[in-house]
Amino acid sequence: MGYHPRTRSSKRVSREYRKAFREKGKFAKHPNRHTTRQDEEEKTVLSRQQIFEITLKRLHTLGNQKFGSSPFSDHFDRWLLNVETVLDEFETQPDMNTDEQFTKERNQVLAAVKLQLENHRHREANLEKQINNFADAKNRLQQTNNEYLTKTLTLKGQKNAVLKRLNKELEILKKEQDQIIKLKTGFFRGISRKEREQKEVLVMQQYNDKQQELEVTMLNFKEKQKQLKEEFECKRDPLLENVKVFQRCVKEMDEDISLEERWFACEALSDVVNNFFQRKINKPL
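Since the model is a prediction, treat every value here as computed from it, not as a measurement.

J.: Can you break down the overall build of the chain residue by residue, with the values?
T.: Broken down by element type, the chain carries 6 helices and 0 strands. From first element to last, N terminus to C terminus, the chain shows the α and β order α-α-α-α-α-α. Among the 285 residues that make up the chain, the fraction classed as buried is 28%. Residue pairs at least 24 apart in sequence account for 85% of intrachain contacts in the chain once pairs closer than 6 positions are excluded. Taken as a whole, the chain presents about 19500 Å² of accessible surface, with 52% of it coming from carbon and sulfur.

J.: Describe the packing of aromatic side chains, naming the residues involved and giving the relevant values.
T.: According to the stated counting rule, one finds 9 aromatic pairs in the structure shown. On the basis of an interplanar angle of 40 degrees and a centroid distance of 6.2 Å, the ring pair of Phe52 and Phe276 is categorised as tilted. Of this pair, Phe52 sits in helix H2 (residues 37-63) while Phe276 sits in helix H6 (residues 258-282), and the two are 224 residues apart along the sequence. An identical accessibility class is assigned to Phe52 and Phe276; each is buried.

J.: Describe unusual backbone geometry, listing the residues and the values that go with them.
T.: Backbone geometry at Asn97 places phi at a positive 50 degrees, although glycine is not the residue there. With respect to the secondary-structure elements, Asn97 resides in the loop between helix H3 (76-91) and helix H4 (100-184). Using a relative accessible area of 57% as the deciding quantity, one classes Asn97 as exposed.

J.: So what's going on with the pattern of salt bridges? Residues and values would help.
T.: The final tally for this structure, using the stated rule, is 15 salt bridges. A salt bridge links Arg106 to Glu91; the shortest N-O distance between them is 2.7 Å. One end of the pair, Arg106, is in helix H4; the other, Glu91, is in helix H3, with 15 residues separating them in the sequence. With a relative accessible area of 21%, Glu91 lands in the partly exposed category. In this structure, Lys151 and Glu147 form a salt bridge, with 3.1 Å as the shortest nitrogen-oxygen distance. You can see Lys151 and its partner Glu147 sitting in helix H4, 4 residues apart, about one turn around the helix. By relative accessible area, Glu147 is classed as partly exposed at 33%.

J.: I'd like to hear about H3, residue by residue, with values.
T.: Compared with the 22 Å implied by 1.5 Å per residue over 16 residues, the 23 Å span of H3 between its first and last C-alpha is a close match. Within the sequence span of H3, burial applies to Phe76, Trp79, Leu80, Val83, Val86, Leu87 and Phe90. An end-on view of H3 places all buried positions within 120 degrees of arc, on one side of the element. Opposite its buried face, H3 presents the exposed residues Asp77 and Leu81, each directed more than 90 degrees away.

J.: Quick one: what's the story with the packing of H3 against H6, residue by residue and with numbers?
T.: Two elements in contact, H3 and H6, have axes whose closest approach is 12 Å; the angle formed by their N-to-C orientations is 5 degrees. One way to sum up the angle between H3 and H6 is to call them roughly parallel. Contacts between H3 and H6 involve Phe76, Trp79, Val83, Leu87 and Phe90 from the first element and Ser258, Arg262, Cys266, Leu269, Val273 and Phe276 from the second. Considered class by class, the residues forming the contact of H3 with H6 number 9 nonpolar, 1 polar and 1 charged.

J.: Give a description of the confidence of the model for the chain that names residues and reports values.
T.: On average, residues of the chain score 78 in pLDDT, and 78% of them are at 70 or above. The secondary structure element of the chain with the lowest average pLDDT is helix H1 (residues 12-28), at 41, and the one with the highest is H3, at 94. Contacts of residues 1-35 to residues separated by more than four positions or lying in other chains number 45 contacts, the stretch itself having pLDDT below 50.

J.: Can you explain the nonpolar core? Please cite residues and give values.
T.: Within the largest apolar cluster, 28 residues are counted, with the highest numbers of intra-cluster contacts made by Phe52, Trp79, Val83, Phe90, Leu269 and Val273. Every element with two or more residues in this core is listed here: H2, H3, H4 and H6. Examining the composition of this core, we find that 8 residues originate from one element, H6, more than from any other.

Conventions adopted
Residues numbered from 1 in each chain as written. Predicted model: local features only at pLDDT ≥ 70, side-chain atom pairs only at ≥ 80, totals over all residues. Heavy atoms only, no water. Helix = DSSP H or I, 4+ residues; strand = E, 2+ residues; numbered from the N terminus. Buried < 20%, exposed > 50% of the residue type's maximum accessible area, 1.4 Å probe, protein only. Contact = heavy atoms within 4.5 Å. Areas by Shrake-Rupley, 256 points an atom, 1.4 Å probe, with all protein chains shown as cover. Phe/Tyr/Trp six-rings, centres within 6.5 Å; stacked < 30°, edge-to-face > 60°. Salt bridge = Lys/Arg side-chain N within 4 Å of Asp/Glu carboxyl O. Expected span 1.5 Å × (residues − 1). Arc of directions from axis to C-beta. Axes fitted to C-alpha atoms, helices over the stretch in contact; angles between N-to-C directions. Parallel < 35°, antiparallel > 145°, perpendicular 65-115°, else oblique. Nonpolar A, V, L, I, M, F, W, Y, C, P; charged D, E, K, R; others polar. pLDDT = per-residue confidence, 0-100. Core = buried A, V, L, I, M, F, W, Y, C linked by side-chain atoms within 4.5 Å.

See below:
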């Protein structure tokens, strides 16, 4: 027999037991002087009802038991031992004589909840392992950020140095152009027209080449910056995902999802006890 989830309905049978127990208690306050066989049987039934009531109450308490903190799996063995103790004490009561059906159903429920709790134990172990690995991932993320910052600053320094040099060279060539213009306007003598034209062409070519070199250098540094960022994101993104995993793990570790299975197990065991009680009181003498 397996057990299936069901809503937390009121314990109708349990209330009937309590009602019957109160009625039996009223009857017991006024016993006859001469005890009959029927009186003895009524006392035996009353004793059984007390045992059933106590057992059902203890199972209900265990089914609603909440564990204080994670890892919740540390409490599983103790909780299972308490459940088994309640059942063992119930079975060993005088004149209880549990039948084969009770034993079979009891063992099936216990086997099912043990398997579920073992699965939760493995899940918690994996979560704890991921949480422990987070410190390493956090350190690697910090190292990656620092490495990217260092490389970015280095690249920026190289870029500034090269641009400074090229702009200085362009400034010099510009001055040479200005001097040639002055020669062309007649402020300086002693140089032929042909020489001035040749010099002008040469300086202009040098200026254009330097200007082109500046533009290419700007593009190269821009491409290097893009590659550096892509490499950084390639290293950073998996580490950021580890951080998200860590946050999910911490959230899951704070939630005892075994509570529902433990509640269903105790409800199923209460059904086993109730069914046995019905068979017991309906059993012909």
